[in-house]
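Structural overview for review
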Amino acid sequence: MRSEPLPQLPEEGGNAAAGGGAAVRVGLVDSGHAPALAARVASAAAFVLGEDGVRREDAGPDRLGHGSRLAEVIAACAPRAQLCVAQVFHARLATTATQVAAAIDWLVAQRVALINLSLGLRAPRPVLAEACARARAAGVLLCAAAPARGEPVYPAAFPGVLRMTGDARCARMEISALGTRYADFGAHVRPLDGSLAGGGASVGCAHLSGHIARYLDDCRAAGRMAEEEDVRQWLQAQARYRGPERRGSPPG
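Keep in mind it's a predicted model, so treat the numbers as computed, not measured.

What follows is about the packing of helix H4 (residues 201-221) against helix H5 (residues 228-238). Interhelical geometry of H4 versus H5 gives an angle of 110° and a closest axis separation of 11 Å. When the axis of H4 is compared with that of H5, the two are roughly perpendicular. Considering how the two elements wind past one another, H4 and H5 form a crossing that is right-handed. Counted together, Leu-208, His-211, Ile-212, Arg-214, Tyr-215 and Leu-216 of H4 and Asp-230, Val-231, Trp-234 and Leu-235 of H5 form the full contact between these two elements.

Pasting the structure below:
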């Protein structure tokens, strides 16, 4: 397996959201992608923690299926988007802030417009906070999974990160504007096969990343750029439901 040094970030002004090329690029930090999506994947790499820190290697198969389910959702919601996949989960759904931070930096260098982070770490590690700040400074949107209630997780709880969760009211293409202390927006909770496996906040986050990528693609086709505030306003305008899901609410 080939190892390489971690990448340098692009020069200021090489704005990832501004793009270059026709397709919007979406970064996915997870366990990989299914072979069936290979044609939609522009680049992929694995981030492995060793004695000398994090090293970048060639991406391997998705042994967990979690990333594959999320990639399928994003690809379905944004049919013209390309994926850049950063593999930080390997034998199990466990990783470190250092690996996620390295993955974010690499995705910024891949000129993605947004990064889907369907994961949550309990502690606000500075290395991860700094990587998120660098990504946002480069114009990259960060969409991170957040629990519908309970203690905050990171990177969702860092400033400027879009806090995404699942909402059982939402059908596949619907959005909810939650505006709670826990989450900003919600979306459909199930993967494409309709199963409950891996559903919830992770899948809701992937749906929202796909919706945003589709919106960014439409903006590019119209010859205009969309900033973070434009994205937030668009999500608000598209929302089928407003306010948190309550017991007894009809399913989407």
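The discussion continues.
Glancing now at the environment of Arg-111. For Arg-111, the location among the structural elements is in the loop between helix H2 (97-109) and strand S6 (114-117). Classification of Arg-111 by relative accessible area gives partly exposed; the value is 33%. For the pair Arg-111 and Cys-84, spaced 27 residues apart in the sequence, the C-alpha separation amounts to 9.3 Å.

Below, the discussion takes up the environment of Arg-246. In this structure, Arg-246 sits in the segment after strand S11 (241-242). A sequence separation of 77 residues divides Arg-246 from Arg-169, and the C-alpha atoms of the two residues are 9.6 Å apart.

This part is about the pattern of salt bridges. Enumeration according to the criterion identifies 10 salt bridges in this entry. As a salt-bridge pair, Arg-136 and Glu-228 come within 2.9 Å of each other at their nearest N and O atoms. Residue Arg-136 is found in helix H3 (residues 126-137), and its partner Glu-228 is found in helix H5; the two are separated by 92 residues along the sequence. The exposure class assigned to Arg-136 is partly exposed, which follows from its relative accessible area of 33%. Owing to a relative accessible area of 22%, Glu-228 belongs among the partly exposed residues under this scheme. In this structure, Glu-174 engages Arg-240 in a salt bridge whose closest nitrogen and oxygen atoms are separated by 3.9 Å. Of the two residues, Glu-174 sits in the loop between strand S8 (162-166) and strand S9 (175-177) while Arg-240 sits in the loop between H5 and S11, which places them 66 residues apart along the sequence. The class of Glu-174 is partly exposed, set by a relative accessible area of 21%. Sharing partners across several salt bridges, the network here consists of Arg-136, Arg-163, Asp-184, Glu-228 and Arg-232.

How each quantity is defined
Residues numbered from 1 in each chain as written. Predicted model: local features only at pLDDT ≥ 70, side-chain atom pairs only at ≥ 80, totals over all residues. Heavy atoms only, no water. Axes fitted to C-alpha atoms, helices over the stretch in contact; angles between N-to-C directions. Helix = DSSP H or I, 4+ residues; strand = E, 2+ residues; numbered from the N terminus. Parallel < 35°, antiparallel > 145°, perpendicular 65-115°, else oblique. Left-handed = near helix turned anticlockwise from the far one by under 90°. Contact = heavy atoms within 4.5 Å. Buried < 20%, exposed > 50% of the residue type's maximum accessible area, 1.4 Å probe, protein only. Salt bridge = Lys/Arg side-chain N within 4 Å of Asp/Glu carboxyl O.

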